[in-house]
Amino acid sequence: MEGNGGEARVTVIMGTRAQVIKMAPVLLELERQAVEYRLVLTGQHRDTVAELLEEFGVRTGGRLLVDRPDVKGRGEAVTWLARVVWRLWRSRKGWAGTRSGPAEVLVHGDTFSTLVGAVVARLAGARVLHVEAGLRSHDWRNPFPEELVRVVVSRLAHVGYCPGEWACGNLRSRKLRVVDTGANTILDSLRLAVGRTSVPDGAERAGPAVVSIHRFENLYSGERLARILSTVEAISERFPVLMVLHPSTRKRLEQTGDLEVLESNPRVSLRARMTYLPFMRHLAEAALVVTDGGSNQEELSYLGVPTLLMRTATERREGLGDNVVLDGLDARVSERFVETVAEGGHRGSAKLDSECCPSEVIVADILRRLEQGD
């Protein structure tokens, strides 16, 4: 993918599929407002990123810093990280600013790409704008290292775009300007994926239970992985299961021998990871969802689907106490959740018809900054 040049005062740095999904509405709004921007892709996730951008209809091409397969392990992450830092720093004159002034550099979330982008942008003299700022679990170990990344980036950022008042409150003591976007940009992504009116209500959700597990702390802990697979087996006794396998998940299940066990269960269907639009449609129709993804928690809170979040802590508030149950890796919580869903509980209503449009709020603020030279 070739990058765009010119006198663009806005640069977007991202590297994971989740970041592409959540930032796509912002990129589309920049294009709708005729704001020229540079798109820099770190290559943290290489597979399907171009497909996702095309799926959302993003026209601006991205410059890929590291062209290699997806980073799937800690060792691969170290070598990838070193190459990205070096290439991003070497190319800083091409993205960190123009003759008109320093660039407004958008980074998103809490990944290594977020951290690298924020650090190098700050050192290069650009202004750092952090999208999805202010999320906190208030426990640096859970999730690790995401919680530490969020804290560090909040110290580097000039502006924090926060998805709600709770997130804003977590940044009040920081020396940055806080902007409340009203909700997460994933709300805009969902609208693009399933529309405002095509989400079935609780009574019409006749799809299978959908399972999506990919976090390293779950895959590489024997105890956690065994707990999760035990939960999947228990759910399969009540609901047919569609288990979506990320490449890292498939690799780990092959190593442990659990993939063969899952394949032998006639109530479990295994499917390779899919792109965003078809996956969201599966989630919207699901009887229930088991996931360890923070983005999935947000998406499912807006969709109202009963959700079991297989984590010990979460930095997000969406859906908790409503359709989302934090498992805490406690077997009793999982068992109660399945029983309650089977009895018709934990079903929320879709919330896609809100007037809130986070991407419009972000781009309006960027335009104001460019006009006023903040």
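Details of the structure are given in the entry above.
Parameters and conventions
Residues numbered from 1 in each chain as written. Predicted model: local features only at pLDDT ≥ 70, side-chain atom pairs only at ≥ 80, totals over all residues. Heavy atoms only, no water. Core = buried A, V, L, I, M, F, W, Y, C linked by side-chain atoms within 4.5 Å. Buried < 20%, exposed > 50% of the residue type's maximum accessible area, 1.4 Å probe, protein only. Helix = DSSP H or I, 4+ residues; strand = E, 2+ residues; numbered from the N terminus. Contact = heavy atoms within 4.5 Å. Salt bridge = Lys/Arg side-chain N within 4 Å of Asp/Glu carboxyl O. Arc of directions from axis to C-beta. Pairing = 2+ DSSP bridges. Axes fitted to C-alpha atoms, helices over the stretch in contact; angles between N-to-C directions. Patch = residues over 30% accessible without salt bridge, like charges linked within 9 Å, V, L, I, M, F, W, Y side chains within 5 Å. Areas by Shrake-Rupley, 256 points an atom, 1.4 Å probe, with all protein chains shown as cover. Lys, Arg positive; Asp, Glu negative; His and termini not counted. Charge placed at Lys NZ, Arg CZ, Asp CG, Glu CD.

**Focus on the nonpolar core**
1) Next: Counting residues in each nonpolar core, the largest one holds 53 residues, and the members touching the most others are Met-14, Leu-27, Leu-53, Leu-106, Tyr-276 and Leu-303.
2) Next: The element contributing the most residues to this core is helix 1 (residues 17-32), with 7 residues.
3) Next: If we skip the residues at most four places from it in the chain, Met-14 touches Gln-19, Val-20, Met-23, Leu-27, Leu-39, Val-40, Leu-41, Thr-42, Leu-53 and Ser-113.
4) Next: Residues Val-120, Val-128, Leu-156 and Ala-157 belong to the second largest nonpolar core, which totals 29 residues.

**So, the pattern of salt bridges**
1) Next: Summed over all chains, the structure comprises 25 salt bridges.
2) Next: Arg-316 serves as the salt-bridge partner of Glu-132, at 3.2 Å between the closest nitrogen and oxygen. Within this pair, whereas Glu-132 is found in the loop between strand 7 (127-131) and helix 5 (146-156), its partner Arg-316 is found in the loop between strand 14 (307-309) and strand 15 (324-326), the two being separated by 184 residues in sequence. By the burial criterion, Glu-132 is buried, and Arg-316 matches it.
3) Next: Salt-bridge contacts for Arg-316 lead to Glu-298; the nearest nitrogen and oxygen are separated by 2.6 Å. Residue Arg-316 is found in the loop between strand 14 and strand 15, and its partner Glu-298 is found in helix 13 (residues 294-303); the two are separated by 18 residues along the sequence. Like Arg-316, the residue Glu-298 is buried in the burial classification.
4) Next: If you follow the salt bridges from partner to partner, you end up with Lys-22, Asp-110, Glu-132, Glu-147, Arg-150, Glu-298, Arg-311, Glu-315 and Arg-316 in one network.

**Observations concerning helix 12 (residues 276-285)**
1) Next: Those residues of helix 12 that sit buried are Tyr-276, Leu-277, Phe-279, Met-280, Leu-283 and Ala-284. Buried residues along helix 12 cover an arc of 160 degrees about the axis, so they all sit on one side.

**Brief notes about the sheet that holds strand 10 (residues 209-212)**
1) Next: Strand order across the open sheet formed by 6 strands is 12-11-10-13-14-15, with parallel pairing between neighbours. Of all the strands in the sheet, the pair left with one neighbour each is strand 12 (268-272) and strand 15. Direction aside, the axes of adjacent strands within the sheet are offset by 20 degrees on average.
2) Next: Against the sheet, helix 12 touches strand 10, strand 11 (241-245), strand 12 and strand 13 (288-291), its axis set at about 135 degrees to strand 10.

**As for a positive patch on the surface**
1) Next: Residues Arg-63, Arg-83, Arg-87 and Arg-90 make up a contiguous surface patch of positive charge.
2) Next: The element that contributes the greatest number of residues to the positive patch is helix 3 (residues 74-90), accounting for 3 residues.
3) Next: The topology assignment puts Arg-63 in strand 3 (residues 62-64).

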